[in-house]
Amino acid sequence: MKKIAVLTSGGDAPGMNAAIRAVVRKAKVLNIEVIGIYYGYQGLVEGQMTTLQVGDVGSIIQRGGTKLYSARYPDFKQSDVQDQAIANMREAGIEGLIVIGGDGSYRGAMDLVKKGFPCIGIPATIDNDVPGTQYTIGFDTALNTVIDAVDKIRDTATSHENLFIVEVMGRDAGDLALYAGVAAGAGAVIIPEVDFCIEDVIARIKRGEYRGKMYNIIIVAEGVMSGTELARLLKENAGITTRVSVLGHMQRGGSPTGRDRVLASQFGAYAVEALVAGKKGRAIGVRNHEIVDYDLTEAFKKEHATNLALYTLATELSI
Ligand code: ADP
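Residues numbered from 1 in each chain as written. Predicted model: local features only at pLDDT ≥ 70, side-chain atom pairs only at ≥ 80, totals over all residues. Heavy atoms only, no water.

**Focus on the nonpolar core**
This is how the line gets drawn: Put simply, a nonpolar core is a bunch of buried Ala, Val, Leu, Ile, Met, Phe, Trp, Tyr and Cys residues held in one set by side-chain atoms that sit within 4.5 Å of each other. Buried, partly exposed and exposed residues are distinguished by accessible area as a fraction of the type maximum, computed with a 1.4 Å probe on protein chains only: under 20%, between the cut-offs, and over 50%, respectively. Working definition: helices are DSSP H or I runs of at least four residues, strands are E runs of at least two. Numbering for both runs from the N terminus. Domain ranges listed in this record stem from an automatic or a database domain assignment. It only takes one pair of heavy atoms within 4.5 Å for two residues to be counted as in contact.
Within the largest apolar cluster, 63 residues are counted, with the highest numbers of intra-cluster contacts made by I4, I98, I100 and I122. With nine residues, the single largest contributor to this core is helix 5 (residues 139–160). When residues of this core are assigned to domains, at least three fall in each of domain 1 (3–138 + 256–301) and domain 2 (141–253). Once residues within four sequence positions are removed from consideration, I100 is found in contact with V6, L7, T8, S9, M16, A19, I20, I122 and A124. Counting residues in hydrophobic clusters, the runner-up holds 30 residues, among them I37, I86, V99 and Y106.

As structure tokens, then:
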């Protein structure tokens, strides 16, 4: 293998740059040229690509976002558009593609594999919702961003005896809310994987008040409902007044944590090795501290499973 390509696709995540850097540098070690594709699958189809030298990925390991930019490009579901992407890569002498993104991006990669083009997926999304891997690039950074925000809200909540609702990202997966809930000591965590019960939330708040808790913080994943909606339900059902904080896109930004940088570096290097070994249609992941590869289709055939034991712990520790 002499030439491979790398792109970032879908929602961006801190640590994508560290993965791009690892791909370029590991490939260099193995005497392989790397082509960087801009704007995900859209750039692939439009031919927006450039050779990435070792120096081109210097000083990006610490930066959030992605140097190659990302895009959502629904047209990539069309077979003729995929054919164009493959034709562009073959014309440029590219023999394999590394796709850094979430499970949506994996579907695009799998379509290319079915058409005979080798692809490897690297999981990167702050939602941590790619089945088959315990962690995705960006999750740890986003988690720490949420913890920081909740700690700050806690300072003001402590001073004013308030009940705060913090809405965090997570449409289908509650990992960010759940891990942040445990790490920041939230009074209640509301996630898509567990049936929502307003009476339960009210009971937890009342129990806290009864034991003299001066303030409380509830973390809700956006996929269940908005913070404003939860505030309305608490007001209507129990006359409880809350303040709502929506963390929004700040959760996607920031310099990647050490953990995300290390994971991204491992994933990037492993993906290059996998392509060189002749693997195709594989996803890279981490299981019990070991980097592994598994069939790409596993990532979208299975449901993402959150850590329900951690949910129980969150509930127990916030009595
Ligand atoms: P993520 O990769 O973060 O889950 P998306 O779901 O938006 O983000 O997917 C990113 C891109 O991957 C899409 O904009 C599209 O270009 C491509 N993609 C998503 N689903 C498919 C599919 N079923 N077939 C082909 N390409 C897809």
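From this point, the discussion proceeds with the structure in view.
**Quick word on the packing of helix 5 against helix 6 (residues 175–184)**
Formally: Orientation is described by lines fitted to C-alpha atoms, with helices fitted over the stretch in contact, and by angles between N-to-C directions that extend from 0 to 180 degrees. Orientation labels follow simple angle bins: below 35 degrees gives roughly parallel, above 145 gives roughly antiparallel, 65 to 115 gives roughly perpendicular, and whatever is left gives oblique. Note on convention: near helix rotated counterclockwise from far helix by under a right angle means a left-handed crossing. Clockwise means right-handed. Each residue receives one of three labels: charged for Asp, Glu, Lys and Arg, nonpolar for Ala, Val, Leu, Ile, Met, Phe, Trp, Tyr, Cys and Pro, and polar for the others, Gly being one of them.
As a packed pair, helix 5 and helix 6 sit with axes 9 Å apart at the nearest point and diverge in direction by 50°. As the angle between them shows, helix 5 and helix 6 are arranged oblique. Here helix 5 and helix 6 pass one another in a crossing that is right-handed. In this structure, helix 5 contributes F139, A142, L143, V146, I147, V150, D151 and R154 to the contact, and helix 6 contributes D175, L176, Y179, A180, A183 and A184. Of the residues in the contact of helix 5 with helix 6, the class split is 11 nonpolar, no polar and three charged.

**Quick word on the site of the ligand**
The test is simple: Whether a residue is near a molecule or strand depends on its heavy atoms: if one lies within 4 Å, it is near. Nitrogen and oxygen atoms within 3.5 Å of one another constitute a polar contact, given that in protein one can donate a hydrogen and the other can accept it, and given that sequence-neighbouring residues count only through two side-chain atoms. Points on a 1 Å grid, built from protein atoms alone, make a cavity when a 1.4 Å probe fits but cannot get out and make a pocket when they are open with protein on both sides within 12 Å along at least 5 of 7 lines; residues with an atom within 4 Å of a point are the lining residues. Assignment of a molecule to a cavity or pocket requires that more than half of its atoms lie within 2 Å of the corresponding grid points.
For the ligand, the set of nearby residues contains 16 residues, the closest of which are R72, Y73, G102, G104 and S105. A distance of 3.5 Å is found between an oxygen atom of the ligand and a side-chain nitrogen or oxygen belonging to D103. Taking D111, its side chain carries an N or O atom lying 3.1 Å from a nitrogen atom of the ligand. Comparing atom positions with the cavity grids shows the ligand to sit within the largest pocket. It is helix 4 (residues 103–114) that contributes the most residues to the shell around the ligand, six residues altogether. Here the shell around the ligand is composed, by residue class, of three nonpolar, eight polar and five charged.

**Considering the sheet that holds strand 8 (residues 216–221)**
Under the convention used in this document: What makes two strands pair is DSSP finding at least two bridges between them.
Judged by pairing direction, the sheet is parallel, and its four strands sit side by side in the order 7-8-6-9 without closing on themselves. Strands with a single pairing partner mark the edges of an open sheet, and in this sheet they are strand 7 (188–190) and strand 9 (243–246). Strand-to-strand twist in this sheet, taken as the mean axis angle between neighbours without regard to direction, amounts to 20°. Alignment of strand 6 (residues 163–168) against strand 9, held across four bridges, turns out to be parallel. By the bridge assignment for strand 9, F164 is matched with R243.

**Describing the domain arrangement of the chain**
The condition that has to hold: The term buried area refers to how much accessible surface (probe radius 1.4 Å) is lost by two components on association, counted for both of them together. Definition used for salt bridges: Asp or Glu carboxyl oxygen within 4 Å of a side-chain nitrogen of Lys or Arg.
Structurally, the chain comprises domain 1 (3–138 + 256–301) and domain 2 (141–253). Each of domain 1 and domain 2 was reduced to a C-alpha centroid, and the two centroids are 34 Å apart. For the pair domain 1 and domain 2, the summed buried surface comes to about 1,000 Å²; carbon and sulfur atoms form 49% of the total. On inspection of domain 1 and its partner domain 2, the count reaches one salt bridge.

**Points about the layout of surface pockets**
The following threshold applies: Grid points are joined across faces, edges and corners, and a volume is the space filled by probe spheres set on the points.
Its boundaries defined by the atoms lining it, the largest pocket holds a volume of some 980 Å³. Lining the largest pocket are 38 residues, with R72, G102, D103, G104 and S105 sitting closest to its centre. Elements with a minimum of two residues in the lining of the largest pocket: helix 4 and helix 10 (298–301). Among the elements that take part in the lining of the largest pocket, helix 4 stands out by supplying six residues, more than any other. Residue classes in the lining of the largest pocket are distributed as 12 nonpolar, 11 polar and 15 charged. Two domains share the lining of the largest pocket, each providing at least three of its residues, namely domain 1 (3–138 + 256–301) and domain 2 (141–253). Put simply, the second largest pocket is a space of about 290 Å³. T133, Q134, H304, A305 and T306 are, among the 16 residues lining the second largest pocket, the residues nearest its centre. A breakdown of the residues in the lining of the second largest pocket according to their chemical character gives five nonpolar, seven polar and four charged.

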